Amino acid sequence: MSANGNTDTVPIRTIPSTDRIENLTRRFHDEFGSKPSFYVRVPGRVNLIGEHIDYCGYPVLPMALEQDILVAACLTSDSKLYLRNINSKYNNFDVEITKFADMDIQPDSNGKPFWYNYVLCGLKGALEYLNNDFKNGLKLLVDGNIPPASGLSSSSALVSAACLAFLYAQNATLNKIEIATLCAKSERYIGTQGGGMDQAIAFLAEKYSAQYITWQPLNATAVALPEEASFVVAHSLAEANKAATNDYNRRVIECRLAAKVLIKASGGLVNQKIVTLSHAQKILNKTLVEMIDLVNEYLPKEMYTKPEVCNKLDITENEMDTLYLTPNTRHLKEFKLKQRALHVFSEALRVEDFRKACTQSTSNGSNGHINGSNGVTVKSDSEFVDKILLTLGELMSSSHESLQTLYECSHENLDRLVDISKKMNVHCRLTGAGWGGCVVALCPKDKVDEYIQMLTDEFYVKHCEIEKSKASVYVFATTPNCGALIYI
Ligand code: ADP
Ligand code: NG1
């Protein structure tokens, strides 16, 4: 076992005897005529704070959910993938594995990925790792209960589960950091330039604590959350498939361009083609607050045209196309550099403040319950706790405001959930990429039932006209769960 477990391999456990596993096993047998030989389980996640900054190189603070992608698997003697899904809306898919190893993974004619493309991403990454040297094909039956396209990382859980299942089937043993890194790279075959947070927490999560995730090198450190805080996830009922639009990549590109402009305007030197905003901060040797000042000084305009950006970087439009833009952002003519950079630097500051407040809450000695680094939450005196919860809540509210106004990735339903929550003084923010999906709210534990009831009445019943009895699917309290597992 390594010091913090990050360089251990994915744990292998005995198959739990749950109704879900029983049902999956039965369905697998009905489908393939044999029993699965192993299962993999990869959780979804909720990001508490640090949104749209992983791909800029800044730390984030997610925790794993109970909801997961569970896959039953069995080796085959041929070299094919046989893919099935418990949910009949996801169609069957069979393919000769060697066929797609060197091919691009293509979406449908509207640019939306097929569900199985995420599985192919995971396999493609695994094949690259194995240098295409594999012995067995695979039968897979997928059972997922993470709300899809909702910012809770269903896609990464699916990519990661496929990659893990295939590698395990070929006897490859990667440690958690290695496989998280491989899965982050694999998911980019879907077309989005993700930062790696989802795959990192999928493998590095621990029960009872959130994780402070840092990059280059990838690392996760447990963060104990105040015992009196409960985190509630509420779905906005708007779905947003990130790979089907260029909203996500556009933001990634704008951040990379802003980083280059800031370095160049400040007289810094950089050789790499792609630099992140955190690279820029390091190169310029500034604090986050000083970086915010630099943005206001060197990127004062609300919008920059493509020729203006090229001029600032001293490159041609052709060079910009090939060096910086992705296939789905190449046609863009205008970029918002100031707003995106201001969000990133201020969000990075909020992550540090959030972590600090969590650490204070769990090391408060006022009534003697001290926390070590083992992620166990502790009790502390009520006035102090209220203060910490308020600090955390206000950071979450500022994060939402920044995502709404500077990053422009909210949705009217998300904003409505945030506003309704204010009626009970509950702070919340959109979580995940946004444009739909979920909010995460910080609610004092003793108010959770009342809060969920209030959201049910005010949002799901009154605004969305959903039957009261059905609303519980969309809003739930959650605690930190463990990362990926293999069951044999
Ligand atoms: P998220 O924020 O949940 O990661 P994405 O837009 O990145 O959302 O990906 C959602 C897509 O992942 C879905 O449209 C679907 O193609 C795929 N997906 C998610 N869950 C499942 C599942 N249980 N079975 C099959 N495909 C799934
Ligand atoms: P979701 O919302 O789960 O697709 C995406 C990215 C993350 C991160 C967040 C925003 C992928 C696979 N995931 O998450 O890396 O950038 O948005 O913080 O691209």
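Residues numbered from 1 in each chain as written. Chains lettered and ligands numbered in written order. Predicted model: local features only at pLDDT ≥ 70, side-chain atom pairs only at ≥ 80, totals over all residues. Heavy atoms only, no water.

Trainee: For the site of ligand 1, give the residues involved together with the corresponding values.
Mentor: Not every one of the 18 residues close to ligand 1 is listed here, only the nearest: Asn85, Gly151, Ser154, Ser155 and Lys242. Side-chain polar atom of serine 155 to an oxygen atom of ligand 1: 2.8 Å apart, as the coordinates give it. Alanine 240 is positioned with one of its backbone polar atoms (N or O) 3.4 Å from an oxygen atom of ligand 1. Listing elements by their share of the shell around ligand 1, those giving two or more residues are helix H3 (115–129) and helix H4 (154–169). If you tally residues by element for the shell around ligand 1, the top one is H4, at three residues. For the shell around ligand 1, the residue count by class is nine nonpolar, eight polar and one charged. (Near = heavy atom within 4 Å. Polar contact = N/O pair within 3.5 Å; in protein donor to acceptor, adjacent residues only side chain to side chain. Helix = DSSP H or I, 4+ residues; strand = E, 2+ residues; numbered from the N terminus. Nonpolar A, V, L, I, M, F, W, Y, C, P; charged D, E, K, R; others polar.)

Trainee: Before we move on, can you summarise the packing of aromatic side chains with the specific residues and values?
Mentor: Tallying each qualifying case throughout the model produces 10 aromatic pairs. Aromatic pair phenylalanine 38 and tyrosine 168: ring centres 4.8 Å apart, planes at 65°, arrangement edge-to-face. With phenylalanine 38 in strand S2 (residues 38–49) and tyrosine 168 in helix H4, this pair connects stretches of sequence that are 130 residues apart. We classify tyrosine 168 as partly exposed; its relative accessible area is 24%. Lysine 124 extends its terminal NZ or CZ atom over the ring of tyrosine 189, reaching a point 5.1 Å from the ring centre. In this structure, arginine 355 packs its charged tip against the face of tyrosine 212, placed 3.8 Å from the ring centre. (Phe/Tyr/Trp six-rings, centres within 6.5 Å; stacked < 30°, edge-to-face > 60°. Buried < 20%, exposed > 50% of the residue type's maximum accessible area, 1.4 Å probe, protein only. Lys NZ or Arg CZ within 6 Å of the ring centre and 35° of its normal.)

Trainee: Requested: an account of the sheet that holds strand S12 (residues 427–431), with residues and values cited.
Mentor: Read across the sheet, four strands follow the order S12-S13-S9-S14 without closing on themselves; strand pairing throughout is antiparallel. Each having just a single partner strand, S12 and strand S14 (475–478) make up the two edges of the open sheet. Between one strand axis and the next, the sheet turns by 25° as a mean value, whatever way the strands run. (Pairing = 2+ DSSP bridges. Axes fitted to C-alpha atoms, helices over the stretch in contact; angles between N-to-C directions.)

Trainee: If you had to explain the environment of valine 426 to someone new, which residues and values would you point to?
Mentor: Of note, valine 426 is situated in the loop between helix H14 (412–422) and S12. Not counting the four nearest positions on each side in its chain, valine 426 is found in contact with Ser421, Ala441, Leu442, Cys443 and Tyr451. (Contact = heavy atoms within 4.5 Å.)

Trainee: I'd love a proper account of the side chain of aspartate 321, names of residues and values included.
Mentor: The topology assignment puts aspartate 321 in helix H11 (residues 317–323). Look past the residues within four positions of aspartate 321 in its chain and what remains in contact with it is Lys306 and Arg330.

Trainee: Got a sec to walk through helix H8 (residues 277–284)? Specific residues and values, please.
Mentor: With six of eight residues buried, H8 is to be regarded as a mostly interior element. For H8, the full list of buried residues reads Leu277, Ser278, His279, Ala280, Gln281 and Leu284. Where H8 ends, the next residue or the one after it, asparagine 285, has phi of about 55°, a positive value.

Trainee: How would you summarise the pattern of salt bridges if you had to cite specific residues and measurements?
Mentor: A complete count under the given rule lists 23 salt bridges for this structure. We note a salt bridge from arginine 84 to aspartate 94, for which the minimum N-O separation is 2.8 Å. Here aspartate 94 lies in strand S5 (residues 93–96) and arginine 84 lies in strand S4 (residues 80–85), a separation of 10 residues in the sequence. A salt bridge links arginine 350 to glutamate 347, with the nearest nitrogen and oxygen atoms 2.9 Å apart. (Salt bridge = Lys/Arg side-chain N within 4 Å of Asp/Glu carboxyl O.)

Trainee: Outline the environment of threonine 181, supporting the account with residue identities and numerical values.
Mentor: Inspection of the secondary structure assignment puts threonine 181 in helix H5 (residues 176–187). Since its relative accessible area comes to 42%, threonine 181 is described here as partly exposed. Taking C-alpha positions, threonine 181 is 23 Å from arginine 13, a pair spaced 168 residues apart along the chain. Among the polar contacts made by the side chain of threonine 181, one reaches the main-chain carbonyl oxygen of isoleucine 177 at a distance of 2.7 Å.

Trainee: Now, about the nonpolar core: what can you tell me, with residues and values included?
Mentor: In this structure, Leu81, Phe231, Leu277, Phe345, Phe354 and Tyr451 are the most contacted members of the largest nonpolar core, which totals 162 residues. Per element, the largest residue contribution to this core is 11 residues, and it comes from H4. Ignoring sequence-local partners within four residues, the contact set of leucine 277 consists of Cys56, Tyr58, Cys255, Ala258, Ala259, Leu262, Ala341, Val344 and Phe345. Judged by nonpolar contacts, the second largest core, of 13 residues, contains Phe28, Phe32, Leu70 and Tyr82. (Core = buried A, V, L, I, M, F, W, Y, C linked by side-chain atoms within 4.5 Å.)

Trainee: Pulling in residues and values, what's your account of the sheet that holds strand S15 (residues 485–487)?
Mentor: What the seven strands build is an open sheet, ordered S1-S15-S2-S3-S6-S4-S5; its pairing is mixed. Each of the sheet's edge strands pairs with one partner strand only, and the pair in question is strand S1 (12–13) and S5. The pairing of S4 with S5 spans four bridges and is antiparallel. Within S5, the residue paired with leucine 83 across the bridge is phenylalanine 93. Relative to the sheet, H3 contacts S4, S5 and strand S6 (137–144), its axis offset from that of S4 by approximately 140°. Here helix H12 (residues 337–363) sits on the sheet in contact with S2 and strand S3 (61–76), set at roughly 100° to S2.

Trainee: An account of the packing of helix H7 (residues 247–265) against H12 is requested, with residue identities and associated values reported.
Mentor: It is the contact of H7 with H12, at a shortest axis distance of 9 Å, that shows an interaxial angle of 90°. Put simply, H7 runs roughly perpendicular to H12. Side by side, H7 and H12 meet where Arg251, Glu254, Cys255, Leu257, Ala258, Val261 and Leu262 of the first sit next to Leu337, Arg340, Ala341, Val344 and Phe345 of the second. Partitioning the contact of H7 with H12 into residue classes produces nine nonpolar, no polar and three charged. (Parallel < 35°, antiparallel > 145°, perpendicular 65-115°, else oblique.)

So far we have only geometry, and geometry alone does not tell us how the molecule works.
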